[in-house]
Amino acid sequence: MVAVGRVGAEADLKMKDWSQCAAGQGCFKVNSPSKAIVGTNAGAFAAGTGQYPDGGLGAFCVVFVFQNATGWHYLNVSCAQNPGYMPGPIDHVSIASGCANVRTSPSLAATSLACLDDYTQVAVDSAPVYADGHMWWHLAGRGWMVHDFLARASYA
């Protein structure tokens, strides 16, 4: 899981692995792979970017992966220097226009309970679930939301 996510994140961020960096280069490093979060056919783990060797000028990152019949696959990476833009206890809905549906279960066919506007603060209280071609997160006291509205891709 971590190996697949690391390779995908390094490619999207256009960075080398920390172990292959030279002084002054911006590099990518996986943090504590044993602390990865694994949910239902989905997972996430912490990483970071920084300038080798001291890690300065970097950001905290979360790498997202999903699993299907052929194994683990990279979904995306989200990096931020400030909290609130990745699934966690303090997060924000991120949508260009309209609103993002909150559903009764992690499924596109599930009933919509609400539609949250951009920058609505939410709290994620679960490990991820991969269903209907999407990663889903449970929002405390609200229901389920698609990953795309909770994690801003760093490379887009």
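Sequence order as written defines the numbering, with residues in each chain counted from 1. Predicted model: local features are reported for residues with pLDDT of at least 70 only, side-chain atom pairs are reported and counted for 80 or more only, and whole-chain, interface and lining totals are derived from all residues. The side-chain values count all of the structure's non-hydrogen atoms but skip hydrogen atoms and water molecules.

Undergrad: What am I meant to see in unusual backbone geometry here?
TA: For residues besides glycine, phi is generally negative; the peptide bonds are generally trans as well. Of note in this structure, Lys 14 is not a glycine but carries a positive phi near 55°. Judged by its relative accessible area of 74%, Lys 14 falls in the exposed class. Unlike most non-glycine residues, Asn 41 shows phi in positive territory, near 60°. Helical segments are the DSSP runs of H or I of at least four residues, strand segments are the runs of E of at least two, and each set is numbered from the N terminus. With respect to the helices and strands, Asn 41 occurs in the loop between β3 (37-38) and β4 (42-51). Using a 1.4 Å probe on the protein chains alone, a residue whose accessible area is under 20% of its type maximum counts as buried, one over 50% counts as exposed, and one in between counts as partly exposed.

Undergrad: What should I look at first to understand the state of the cysteines in this one?
TA: Where two cysteines share a covalent bond between their sulfur atoms, that bond is called a disulfide. Disulfides are defined as cysteine sulfur pairs within 2.5 Å. In this structure the tally under the stated criterion is three disulfides. Cys 21 shares a disulfide with Cys 27; S-S distance 1.5 Å. Disulfide Cys 21 to Cys 27: torsion about the S-S bond roughly -125°, handedness left-handed. Take Cys 27: its relative accessible area is 0%, and that puts it in the buried class.

Undergrad: What is the right way to read the pairing of β4 from this model?
TA: A regular strand carries its side chains on alternate faces of the sheet. Here β4 lies mainly inside the structure; eight of its ten residues are buried. Inspection of the sheet shows strand β2 (residues 26-30) paired to β4 by five bridges, in the antiparallel sense. Residue pairing in the sheet places Lys 29 in a bridge with Gly 48 of β4. Think of it this way: DSSP has to see at least two bridges between two strands before they count as a pair. Alignment of β3 against β4, held across two bridges, turns out to be antiparallel. What sits directly across from Ile 37, in β4, is Ala 44. Where β3 folds back on β4, the antiparallel hairpin that results is connected by three residues, among which Asn 41 adopts a positive phi of roughly 60°. One ladder, built from nine bridges, connects β4 with strand β5 (residues 56-68); its direction is antiparallel. Within β5, the position partnered with Thr 49 by the bridge is Ala 59. Where β4 folds back on β5, the antiparallel hairpin that results is connected by four residues, among which Gly 55 adopts a positive phi of roughly 85°.

Undergrad: Is there a simple way to think about the nonpolar core in this case?
TA: Generally speaking, nonpolar side chains in soluble globular proteins are found buried as a group. Core analysis: the biggest nonpolar cluster contains 19 residues, and Phe 64, Val 93, Leu 116, Trp 137, Leu 139, Met 145 and Leu 150 have the highest contact counts within it. At the level of elements, β4, β5, β8 (100-103) and β12 (134-139) are the ones that each hand at least two residues to this core. In contact with Leu 139, not counting residues within four places along its chain, are Val 102, Leu 116, Val 122, Ala 123, Val 124, Asp 125, Met 145 and Leu 150. Core analysis: the second largest hydrophobic core is formed by eleven residues, Leu 13, Val 30, Phe 45 and Val 65 among them. Nonpolar cores are built from buried Ala, Val, Leu, Ile, Met, Phe, Trp, Tyr and Cys residues. Side-chain atoms within 4.5 Å join them into one set. Two residues qualify as a contact provided that any one of their heavy atoms is within 4.5 Å of a heavy atom in the partner residue.

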